[in-house]
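# Structural overview
Residues per chain are reported as follows:
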Amino acid sequence: MARRAAIVWFRRDLRLRDHPALRAALDSADRVVPVFCFDDSLLGGRHASGPRTQFMLECLAELDSDLRELGSGLVVRRGRPEREISDLAREIGAEEIHFSRDVSPFARQRGERTREAFEDIGLELHAHPGVNAIDDVGAPRTKSSDKPFTVFSPFHRTWVDIERRDVLRAPSSMPGLPSGLAKGRLPSLEALGLTQEVSDPARGGESEARKTYDRFLDGPIRDYSDNHDALGRDLTSRLSPYLHFGCLSARQIEERIPDGKGPAAFHRQICWRDFYSHVLVNFPRNARSEFQDRYRGNIKWSYAEKAFEKWCEGRTGFPLVDAGMRQLKAEGWMHNRARLVVGSFLTKDMGIDWRWGERWFMRMLIDGDEANNNGNWQWIASVGTDPAPAFRRLYNPQRHAERYDPNGTYVRRYVPELRDVPDEFIFAPHEMPDDVQREVGCVIGEDYPEQMLDHKAAREEALERLRV
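A short tour of the structure in this document, coming up.

Conventions and cut-offs
Residues numbered from 1 in each chain as written. Predicted model: local features only at pLDDT ≥ 70, side-chain atom pairs only at ≥ 80, totals over all residues. Heavy atoms only, no water. Salt bridge = Lys/Arg side-chain N within 4 Å of Asp/Glu carboxyl O. Helix = DSSP H or I, 4+ residues; strand = E, 2+ residues; numbered from the N terminus. Pairing = 2+ DSSP bridges. Axes fitted to C-alpha atoms, helices over the stretch in contact; angles between N-to-C directions. Contact = heavy atoms within 4.5 Å. Left-handed = near helix turned anticlockwise from the far one by under 90°. Nonpolar A, V, L, I, M, F, W, Y, C, P; charged D, E, K, R; others polar. Core = buried A, V, L, I, M, F, W, Y, C linked by side-chain atoms within 4.5 Å. Buried < 20%, exposed > 50% of the residue type's maximum accessible area, 1.4 Å probe, protein only. Polar contact = N/O pair within 3.5 Å; in protein donor to acceptor, adjacent residues only side chain to side chain. Parallel < 35°, antiparallel > 145°, perpendicular 65-115°, else oblique.

Pairs may arise between side chains of opposite charge once their charged atoms sit close together. Overall, the coordinates contain 39 salt bridges when judged by the stated rule. One salt bridge in this structure joins Arg238 and Asp234, with 2.6 Å as the shortest N-O distance. Residue Glu331 is joined to Arg238 by a salt bridge in which the shortest nitrogen-to-oxygen separation is 3.0 Å. Placement of Glu331 in helix 13 (residues 319–331) and of Arg238 in the loop between helix 8 (224–227) and helix 9 (240–244) is noted, with a sequence separation of 93 residues between them.

Here we come to the sheet that holds strand 3 (residues 75–78). The strand order 3-2-1-4-5 describes an open sheet built from five strands, whose pairing is parallel. The open sheet is flanked by strand 3 and strand 5 (124–128), the only strands paired with a single partner. The mean angle between the axes of side-by-side strands here comes to 25 degrees, regardless of whether they run parallel or antiparallel. Relative to strand 4 (residues 96–100), strand 1 (residues 5–10) is paired through four bridges, and the arrangement is parallel. Within strand 4, the position partnered with Ile7 by the bridge is Ile97. Along the sheet face, helix 1 (residues 20–28) touches strand 1, strand 2 (31–38), strand 4 and strand 5 and points at about 160 degrees away from the line of strand 4.

Here we come to the packing of helix 4 (residues 81–92) against helix 5 (residues 105–120). In the contact formed by helix 4 and helix 5, the axes pass within 9 Å of each other and the chain directions differ by 35 degrees. Seen along the crossing, helix 4 lies across helix 5 with a hand that is right-handed. Contacts between helix 4 and helix 5 involve Pro81, Glu82, Ile85 and Ser86 from the first element and Arg110, Arg113, Thr114, Ala117 and Phe118 from the second. Here the residues of the contact of helix 4 with helix 5 sort into four nonpolar, two polar and three charged.

As a further point, take the nonpolar core. The nonpolar side chains of soluble globular proteins are, as a tendency, buried together. Residues Phe266, Trp311 and Phe361 are the most contacted members of the largest nonpolar core, which totals 117 residues. In this structure Trp311 touches Thr316, Val321, Met325, Val342, Phe345, Leu346, Met350, Gly357, Trp360, Phe361 and Trp377, once residues within four positions along its chain are discounted. With 17 residues, the next largest nonpolar core counts Ala5, Val33, Phe99 and Leu123 among its residues.

Attention now moves to the side chain of Ser100. Secondary-structure assignment places Ser100 in strand 4. For Ser100, the side chain forms a polar contact with the side chain of Asp13, separated by 2.5 Å. Residues in contact with Ser100, not counting those within four places in the same chain, are Arg11, Asp13, His19, Ala21, His128, Pro129 and Val131.

What follows deals with the packing of helix 6 (residues 152–159) against helix 11 (residues 261–282). Here helix 6 crosses helix 11 at 110 degrees, and the two axes come no closer than 10 Å. In terms of orientation, helix 6 lies roughly perpendicular with respect to helix 11. Between helix 6 and helix 11, the contacting residues are Phe152, Ser153, Phe155, His156 and Trp159 on the first element and His267, Arg268, Ile270, Cys271, Trp272, Asp274, Phe275 and His278 on the second. Residues belonging to the contact of helix 6 with helix 11 are distributed by class as follows: seven nonpolar, four polar and two charged.

Right, dumping it as structure tokens:
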């Protein structure tokens, strides 16, 4: 009897544990070939990112190593997947291909192209869950109108009751790769035409993901509801990059969440991730335009490039904003409370198009996820699904710093020129007397910039701008 061959197409599900597509392929075929295809149209597209791609390369290197320990290995190809994977299927005589469903418009359009190419050569296509906590993230509907959800709270109430699939174990062994098959090698970041732009990013890989979650479970999760906004203590999970690349599945995370108020608050964050995926699946135009019709094309955004550069560099003169932006440049990651503040500052105080902020974040973030990033930027710009009025998303950077970083720990960590500024001036250094500025070595306008705008005036302008 002929041996059946299958391909597992890894995309952003870079793990061996709890991998439905991999498990299904192993259950149905004697020969299983894992493959990753570097798609230049994605790598060099509008969300190109050196930091995120480097993180992905580290995830892939560990995946390849883990597969080799099981007797297999990761086959690497570069080019259009519909061509490269079709050629691979012909070479090994594959009859089926297994992959995880994804939600972005690009992923779905690419899925349609590859589906046509694979069906043309007789490949059976099998799409599996694994990227989200629930199997079909686009499927939930409101009870009243049988329409997709556009508000988080009712989505959450439905989401918690949706039946979950079982978490799968990693395979104990894998079939060897076909004899004579050119395995290919992982490229360097430079070979992909990208550069690393952050200095101290987290390291990618399934083992790092598991260690990161173990540390979170050992303590911080218990008080997550009280501490997740505490900027100076940084007691968040730091799991978002690993979730984006599937080094851990959302189901693996859910399975280990204990009972309690803190863990429940953390579980709610997993739901936010699924909510924004749900929105993007059902409203793909959100990827490029405002969800709310009244704002689409009607807001007079600013496109001041020099002002935008100051924001990107963390040179606005507002300590919390600058700390957040410098953390992004250092780590390719930013505390969520800081993300909200810098997003509000860009879109409300500076009046700059939210798409500019979305694009910069997608360039720099190692956890840059189109659904979550787009959803959060529209939320903070008051143009997305959330029905709250604009003034609810217009944050005062100084008051936020006083509330969420009361000792200035976060600001001092990422804005070193403010390290010796007295507590009473740490969030308003421009108010320091001249002699204090000289004494602490932080002269405003020389060592640290003047405030680039007046927040009170900018607030009034924002409210007027959004009154359309």
